[in-house]
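# Coordinate analysis (summary)
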Amino acid sequence: MAEVIGVRFKNMGKVYYFDPNGEKLDSGDRVVVETARGVECGEVAMANRDVEEESIVQPLKKLIRKATKDDLRRVAENEIKAKNAFTLCEKKIAERGLEMKLVDVEYTFDNSKILFYFTADGRVDFRELVKDLAGMFRTRIELRQIGVRDEAKMIGGLGICGRPFCCGSFLGGFQPVSIKMAKEQGLSLNPVKISGTCGRLMCCLKYEQEAYLDLLRTTPKVNAVVSTPDGRGVVIDQNLLTGKLTVRLDKNPDAAPGIYKVKDVRVIRDGQIRLNKKEIEEFKKLEG
């Protein structure tokens, strides 16, 4: 076991382990640590805790110090300078006529580098832009092309549920989301209803998937042949959350379907959830 603290450098960003170097820290404390890209100021997301050695990426870097007033003042100054750099970079992008959208600008804590994050539909030749920026700021310049999901996480906003974006409020990282998940969860395959503001499949499809898979193991699927208290029939609809099935009975197929609880039916032949080629091609772009 090793004692560590978890430090985050961006709002809801990934948490990295560091050696507390004998300090006792609480969540929310600001600290100065050494990272792969230099000295950085971050926020403690996980107080002192013992974790298994196997879960640590070695070598484990030590805490330099708890952030001082001067450190916090530098962070605030860097944020102001980043806003100014954002405005100047946008002007240069317009002057160069580059097909790219600037999303965010970040100064490293020691001002040794400025990072410019942007989105673009394809590859962008920004070599001349880098020269312009290097001449203006007299420091190292790095341009990073990010995806639309990363853009949504950085900018933030409200989802169609009316709540702040999951990626910007509690999700530490992105995981693959597939259209099969939407189908297994019984959602309408309508891009407007299953896509987030970023234009990709909603992140909540992923972290809710495990619960739906557990329900699917005990719930007959659509087109399953089942035996009900009123006779044999075919499942034409299911509600995984309420545990109710809509069944068309074989003995009276033209009558209104019956509603039955999962516990009251017996599966004779279960159905299958499949995506056809048209659905795969139509929604493939939403999975990126």
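Here the structure is shown first, and the text comes after it.
Conventions we followed
- Note that residues are indexed from 1 along each chain, following the sequence as it is written.
- Under the rules for a predicted model, residues below a pLDDT of 70 receive no local features and side-chain atom pairs below 80 are neither given nor counted, while totals for whole chains, interfaces and linings still include all residues.
- With hydrogens and water set aside, each side-chain value is computed from the structure's full complement of heavy atoms.
- The nonpolar core is taken to be a set of buried Ala, Val, Leu, Ile, Met, Phe, Trp, Tyr and Cys residues, with the residues joined through side-chain atoms within 4.5 Å.
- To sort residues, take the accessible area from a 1.4 Å probe on protein chains only and compare it with the maximum for the residue type: under 20% means buried, over 50% means exposed, and anything in between is partly exposed.
- Counting from the N terminus, the helices are DSSP H or I runs at least four residues long and the strands are E runs at least two residues long.
- Between two residues, a contact is recorded if the distance between any of their heavy atoms is within 4.5 Å.
- Here is the rule: rings of Phe, Tyr and Trp (six-membered ring for Trp) pair when centre to centre is within 6.5 Å. Planes less than 30 degrees apart are stacked, more than 60 are edge-to-face, and the remainder are tilted.
- A pocket, in this scheme, is an open set of points on a 1 Å grid over the protein atoms alone with protein on both sides within 12 Å along at least 5 of 7 lines, while a cavity is a set where a 1.4 Å probe fits but cannot get out; residues line either one if an atom lies within 4 Å of a point.
- Grid points are joined across faces, edges and corners, and a volume is the space filled by probe spheres set on the points.
- Paired strands, as defined in this entry, are two strands with at least two bridges between them according to DSSP.
- We call a crossover right-handed when, viewed with both strands directed away from the observer, the connection leading from the first strand over the helix to the second proceeds clockwise.

## As for the nonpolar core
- Counting 17 residues, the largest nonpolar core has Phe116, Leu133, Phe137 and Leu143 as the members making the most contacts within it.
- Counting residues per element, the ones that place at least two in this core are helix 1 (69-96), strand 6 (101-107), strand 7 (113-119), helix 2 (127-137) and strand 8 (140-145).
- The leading source of residues in this core is helix 1, at four residues.
- When neighbours within four sequence positions are excluded, leucine 133 is seen to be in contact with Cys89, Phe116, Arg138, Ile141 and Leu143.
- One finds Ile179, Ile194, Met202 and Leu205 within the second-largest nonpolar core, a separate group that totals 11 residues.

## A few points about the packing of aromatic side chains
- Across all of its chains, the model carries four aromatic pairs by this definition.
- Ring plane angle 45° and centroid distance 6.1 Å describe the contact between phenylalanine 9 and tyrosine 16, whose orientation is recorded as tilted.
- Owing to a relative accessible area of 39%, tyrosine 16 belongs among the partly exposed residues under this scheme.
- Arranged with centres 6.3 Å apart and planes meeting at 40°, the rings of phenylalanine 116 and phenylalanine 137 form a pair that is tilted. Taken together, the residues phenylalanine 116 in strand 7 and phenylalanine 137 in helix 2 connect sequence positions 21 residues apart. For the residue pair phenylalanine 116 and phenylalanine 137, the accessibility class agrees, reading buried in each case.
- Each residue in the set Phe9, Tyr16 and Phe18 is aromatic and connected to the rest through ring pairs, giving one cluster.

## Description of the layout of surface pockets
- By volume, the second largest pocket is sized at about 500 Å³.
- Cys161, Cys166, Met202, Cys203 and Cys204 are, among the 29 residues lining the second largest pocket, the residues nearest its centre.
- Looking at the lining of the second largest pocket, the elements that each hand over two or more residues are helix 3 (148-155), helix 4 (166-169), helix 6 (191-194) and helix 7 (204-207).

## Considering the pairing of strand 7
- Of all the seven residues making up strand 7, seven are buried; the element is thus mostly covered by neighbouring parts of the structure.
- Residues Lys113, Leu115, Tyr117 and Thr119 point to one face of strand 7 and Ile114, Phe116 and Phe118 to the other, with burial holding for every one of them.
- In terms of strand pairing, strand 6 meets strand 7 through six bridges, oriented antiparallel. Paired with lysine 101 across the two strands is threonine 119, which belongs to strand 7.
- Hairpin connection, strand 6 to strand 7: the antiparallel pair is bridged by five residues, and asparagine 111 has positive phi, about 65°.
- Where strand 7 and strand 8 come together, six bridges link them in parallel fashion. What sits directly across from lysine 113, in strand 8, is arginine 140.
- Once you follow strand 7 into helix 2 and on to strand 8, the crossover reads as right-handed.

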